[in-house]
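Chain by chain, the residues run as shown.
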Amino acid sequence: MSLDPVLSVKGLTVGYRTNRTLAPVVHDVSFDVGPGQVLALVGESGSGKTTTGHAILGLLPTNGEVISGSITFRGRELTALNPKGWRDIRGRSVSLIPQDPTVSLDPVRRVGHQVEDVLRLHTDLEAPARRDRIHELFTLVGFDDVERRYRQYPHELSGGMRQRVLVAAAVAAEPDLIIADEPTSGLDATVQKQVLDLIDSLRARSSTSMVLVTHDLGVAADRSDLIGVMRNGHLVEVGPSADVIANPQHAYTRHLLNSVPSRLSLRENRRSVLSTRKTVIEVTDLQKDYGEVPAVDGISFHVQQGETFSIVGESGSGKSTTARILAGLTNATSGHASVLGTDITALSRAEFRPLRRDVQIVYQNPYSSFDPRFTVFDVVEEPLRSFQKARWGRRRGNVDRVAAALEAAALPADFARRHPRELSGGQRQRVAIARALVVEPKVVVLDEPISALDVSVAAQILELLQRLQEDLGLTYVFISHDLSVVSAISDRVAVMQRGRIVEQGSVEQVFSNPTDDYTVRLLDAIAGRELTTTRGIS
């Protein structure tokens, strides 16, 4: 560690004021970041890592305040700065790469003008020179046709491109310190790798220091010099990344590492799916067009009873459209899809209805699929009610079935009286699983069921799905862009790109000996490969 750290945080305590009470949420946090170093702050939602980053930037909300402690940048105390002092530092010497470009970029302004704001505020460049500098920045972040990109609006760019715009804005004034708040959390694996490679190369050019806020231990392991682990507002462990990964000292750090999907041993304990089992899903030359654009382009696969068949690919590959066809939520344009012996290709929603008892879907975001007025009981009971004709007395008869479904999803029966807004993300996903199970289906389509969850909660959901499959003989179609999750839970996997299946086979075959270049790129983009070297830490 340099004798003169770029950033020094000592005894930082931050609180939020609610109902005239100041409640601390970050407690006595201390760390140093040297020139050119990357500190990754990792932890689950609510751990205080983002609040710590916002405190460093002076961007706490109006009800938030630094209660005690010190934050010094290049020897200058930041907690004592007035608004003018912050304007001089923020953007020029310390910058932010925010999490969500959709929220951070103004939808009615061209992206070039938004990056130009930084140069207008923090440099003496004239308009032509600013434009040239933005063209240079856009080239640095990997854009082609930079003048066209300069003139585009955010909605005309992909998620990865929008994130690149935010990176360009963050490095425009060549700051000494960047706070990167979950900069790749919504991106596909290959785009995530491109953005992180970009940040690394730009940082190396000017020896910029960085505080990387992330819940992804793989990203932290790959991209940081130091790792700080936060839990309930406390920094429970901090040290060189290699040491924290190889020899964690705190029990919570060990728990997080053991929850990484690549370290789970779900498939090691599974009964093998015999080739003699009957086929429950048969897809042949399936096509789905939106106008003249093929979302699903002539794919074929089959799924056997009791197995987990995963479909992986980047955003726009057609995997979720395939899931919706199998769940009867959209019709195919051509081809054939047979589910439990019924050709569903041309069925209307009404004609698909009798099959809905046997085919259920669990969505990526359970909260958006729940009626906010419903209690948990109402949410789980809804599929039952849709198949029941009698109106009187049915609720009383459904109580036991709802309780059993909640119990199967590892939730206590008294959760039935709560509302979804009162639950955590993991608890909501368990409710979504209970809703799917209450009608006792044979096939469950899982569309990105853990992508929005913290690593330890995701591990609990994967273990729950594994147990339910073994106990109930369920067949899963698992949709994901996360190959480490797919490797942990799947029997067979299909890789989709631009509506086509480019490769499929057993997990061992596809992951150990991929034959398609696209599959190779996906596998190379997996973050935190060294995390797989130790199966478990006790």
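Residues numbered from 1 in each chain as written. Predicted model: local features only at pLDDT ≥ 70, side-chain atom pairs only at ≥ 80, totals over all residues. Heavy atoms only, no water.

Student: Explanation requested: the domain arrangement of the protein chain in the structure shown.
Tutor: Many structure descriptions define interface size as the accessible area lost when the parts assemble. Per the domain assignment, the segments making up the protein chain are domain 1 (1-80 + 210-259) and domain 2 (279-366 + 443-531). When each unit is reduced to the centre of its C-alpha atoms, the spacing between domain 1 and domain 2 is 37 Å. Taken residue by residue, the interface counts 13 residues in domain 1 and twelve residues in domain 2. Roughly 950 Å² of surface becomes buried between domain 1 and domain 2 when both sides are summed, with 57% attributable to carbon and sulfur atoms. If you look at where domain 1 meets domain 2, you find zero salt bridges. Counting across the domain 1 and domain 2 interface gives one residue pair in polar contact (both at pLDDT 80 or more). (Domains from an automatic or database assignment. Contact = heavy atoms within 4.5 Å. Buried area = accessible area lost by both parts, 1.4 Å probe. Salt bridge = Lys/Arg side-chain N within 4 Å of Asp/Glu carboxyl O. Polar contact = N/O pair within 3.5 Å; in protein donor to acceptor, adjacent residues only side chain to side chain.)

Student: I'm lost on the side chain of Thr51 in this one. Help?
Tutor: Inspection of the secondary structure puts Thr51 in helix H1 (residues 49-57). A relative accessible area of 12% places Thr51 in the buried class. Excluding residues that lie within four positions of it along the chain, Thr51 makes contacts with Val14, Tyr16, Val25, Val26 and Leu60. (Helix = DSSP H or I, 4+ residues; strand = E, 2+ residues; numbered from the N terminus. Buried < 20%, exposed > 50% of the residue type's maximum accessible area, 1.4 Å probe, protein only.)

Student: When you look at the nonpolar core in this model, what are you seeing that I'm missing?
Tutor: Generally speaking, nonpolar side chains in soluble globular proteins are found buried as a group. One finds Val380, Leu406, Val431, Ile433 and Leu465 to be the most contacted residues of the largest nonpolar core, which totals 40 residues. Breaking this core down by element, the ones donating at least two residues are helix H14 (376-386), helix H15 (394-408), helix H16 (425-437), strand E17 (443-447), helix H17 (455-472), strand E18 (475-480) and helix H18 (483-489). Broken down by element, this core gets its largest block of residues, seven residues, from H17. Setting aside anything within four residues of it in sequence, one finds Leu406 in contact with Val376, Val380, Leu411, Pro412, Ala413, Ala416 and Ala434. Residues Val118, Val167, Val191 and Met210 belong to the second largest nonpolar core, which totals 35 residues. (Core = buried A, V, L, I, M, F, W, Y, C linked by side-chain atoms within 4.5 Å.)

Student: How should the sheet that holds strand E3 (residues 38-42) be read in this particular structure?
Tutor: Strands pair in a sheet through their backbones, by hydrogen bonds, and they do so in one of two ways: parallel or antiparallel. Read from one edge to the other, the open sheet built from six strands follows the order E6-E7-E8-E3-E9-E10, with strand pairing classed as mixed. Only two strands of the sheet have a single neighbouring strand rather than two, namely strand E6 (94-97) and strand E10 (234-240). Each strand axis lies, on average, 15 degrees off the axis of its neighbour in the sheet, ignoring direction. Of the strand pairs in this sheet, E6 and strand E7 (residues 177-181) are connected by four bridges, and their pairing is parallel. What sits directly across from Ser95, in E7, is Ile178. Running over the sheet, H1 touches E3, E6, E7, strand E8 (209-214) and strand E9 (226-231) and is turned about 150 degrees from E7. (Pairing = 2+ DSSP bridges. Axes fitted to C-alpha atoms, helices over the stretch in contact; angles between N-to-C directions.)

Student: Honestly, the sheet that holds E17 in this entry has me stumped. Any pointers?
Tutor: If you walk across this open sheet you meet the six strands as E16-E17-E18-E13-E19-E20, and the pairing is mixed. Taken across any chain shown, the strands that pair with only one partner, and hence form the sheet edges, are strand E16 (359-362) and strand E20 (500-506). Shown here is a sheet whose adjacent strand axes are inclined to one another by a mean of 15 degrees, direction ignored. The pairing of strand E19 (residues 492-497) with E20 spans six bridges and is classified as antiparallel.

Student: Please explain the packing of aromatic side chains as it appears in this structure.
Tutor: One pair of aromatic rings is described through two measures. These are the centre distance and the angle between the planes. Inspection of every chain in the model, using the stated rule, returns two aromatic pairs. Residues Phe138 and Phe143 carry aromatic rings whose centres are separated by 5.2 Å and whose planes lie at 85 degrees to one another, so their mutual orientation is edge-to-face. For Phe138, a relative accessible area of 0% puts it in the buried group. Above the ring of Phe387, the side-chain terminus of Arg353 is found at 5.1 Å from the ring centroid. One residue, Arg418, lies across the ring of Phe415, its end atom 4.0 Å from the ring centre. (Phe/Tyr/Trp six-rings, centres within 6.5 Å; stacked < 30°, edge-to-face > 60°. Lys NZ or Arg CZ within 6 Å of the ring centre and 35° of its normal.)

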